[in-house]
Amino acid sequence: MALLLKIDPGKPDEEKLAEAVRILLEGGVAAFPTETFYGLGADARNEAAVEKIFRIKGRNFRNPLPVIVANHGELVPLVEEIPATAKILMQTFWPGPLTLIFRAAPSVSSRLTGGTGKIGIRVSSHPVARFLAAGLSGPLTATSANLSGGPECSSADAVIRTLGDLPDAVIDGGPTPGGAGSTILDVTVSPPRILREGAIPGGLIRDALRTR
């Protein structure tokens, strides 16, 4: 049975979250709240844990997995370079629901890139997601906690109904806003290209780049 960790999202219980970090560091998978929907997290450096994410979701291995990092510094080992436009967008929209697509460093697993040579990264504005990534001192997978192709989940109850006992832990941080997922922007091209318009409108992104 999946371990259920119920917390107050306004004041997360660090002892319970430390238990979730321990599960992740041991190769487990945990569902957790983000600023959009619930995500399905594993230590992105652990190949076996990442593969477990694909099995739980029924996801095609050719599909990349985005990750969350705790801060800008954790980004550096994962990417070949940080373009100037990306730095502007990071300063403007991180932490927040903007996933930036970078050229992945050679050390990044093809399980994360889906063989594209690129990786999607964001710094989440949700305290639970940030705590987990900080506890790992590295990238946390951030794919939605659902079956591949199915609706996203905006509550822990919905995650449990959808995935049952497949995750090792479910962190119940209350309902998430739902609506649109993170906006996905490819910064490996110039000008950057929106791959999915989500919680941050494209107009705001274009305005941010024009004013710098």
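Residues numbered from 1 in each chain as written. Predicted model: local features only at pLDDT ≥ 70, side-chain atom pairs only at ≥ 80, totals over all residues. Heavy atoms only, no water.

Draft legend 1. Region of the structure containing the pairing of strand 3 (residues 38–41). Residue alternation in strand 3 divides its side chains into two sets, Tyr38 and Leu40 and Gly39 and Gly41, and both sets are buried. One ladder, built from four bridges, connects strand 2 (residues 30–33) with strand 3; its direction is antiparallel. Directly across from alanine 30, in strand 3, lies its bridge partner glycine 41. Taking the residues that link successive antiparallel strands as the turn, the strand 2-strand 3 hairpin has four residues. (Buried < 20%, exposed > 50% of the residue type's maximum accessible area, 1.4 Å probe, protein only. Helix = DSSP H or I, 4+ residues; strand = E, 2+ residues; numbered from the N terminus. Pairing = 2+ DSSP bridges.)

Draft legend 2. Just the sheet that holds strand 7 (residues 140–141), in detail. Pairing is mixed across the open sheet formed by six strands, whose spatial order is 7-4-6-5-10-11. Both outer strands of the open sheet, strand 7 and strand 11 (193–196), are each paired with one neighbouring strand and no more. Relative to strand 6 (residues 118–122), strand 4 (residues 67–68) runs parallel, the two being bridged by two bridges. If you follow valine 67 over to strand 6, its bridge partner there is isoleucine 121.

Draft legend 3. Spatial organisation of helix 7 (residues 202–210). Of the positions making up helix 7, those classed as buried are Gly202, Ile205 and Ala208. The buried residues of helix 7 occupy one face: seen down the axis, they fall within an arc of 125°. Residues of helix 7 that are buried sit in contact with helix 3 (84–93), strand 5 (98–103), strand 10 (183–186) and strand 11. (Arc of directions from axis to C-beta. Contact = heavy atoms within 4.5 Å.)

Draft legend 4. View of the pattern of salt bridges. Inspection of the entire model under this criterion finds ten salt bridges. Across the pair arginine 210 and aspartate 207 runs a salt bridge, and its minimum N-O distance is 2.4 Å. Highlighted residues: arginine 210 and aspartate 207, both in helix 7, separated by three residues, approximately one helical turn. You can call arginine 210 exposed: its relative accessible area is 60%. Assessed through its relative accessible area of 36%, aspartate 207 is described here as partly exposed. Ionic contacts of the salt-bridge type, sharing partners, join the residues Glu19, Arg22 and Glu26 into one network. (Salt bridge = Lys/Arg side-chain N within 4 Å of Asp/Glu carboxyl O.)

Draft legend 5. How the structure looks around the packing of helix 3 against helix 7. Taken N-terminus to C-terminus, the directions of helix 3 and helix 7 make an angle of 115°; their axes are 10 Å apart at the nearest point. Where helix 3 crosses over helix 7, the handedness of that crossing is right-handed. Of helix 7, the residues touching helix 3 (which contributes Thr85, Ile88, Leu89, Thr92 and Phe93) are Leu204, Ile205, Ala208 and Leu209. By residue class, the composition of the contact of helix 3 with helix 7 is seven nonpolar, two polar and no charged. (Axes fitted to C-alpha atoms, helices over the stretch in contact; angles between N-to-C directions. Left-handed = near helix turned anticlockwise from the far one by under 90°. Nonpolar A, V, L, I, M, F, W, Y, C, P; charged D, E, K, R; others polar.)

Draft legend 6. Local environment of the pairing of strand 2. The alternating pattern of strand 2 places Ala30 and Phe32 and Ala31 and Pro33 on opposite faces, both of which are buried. Where strand 2 and strand 9 (residues 169–172) come together, two bridges link them in parallel fashion. Each residue of the ladder has a partner; that of alanine 31, found in strand 9, is valine 170.

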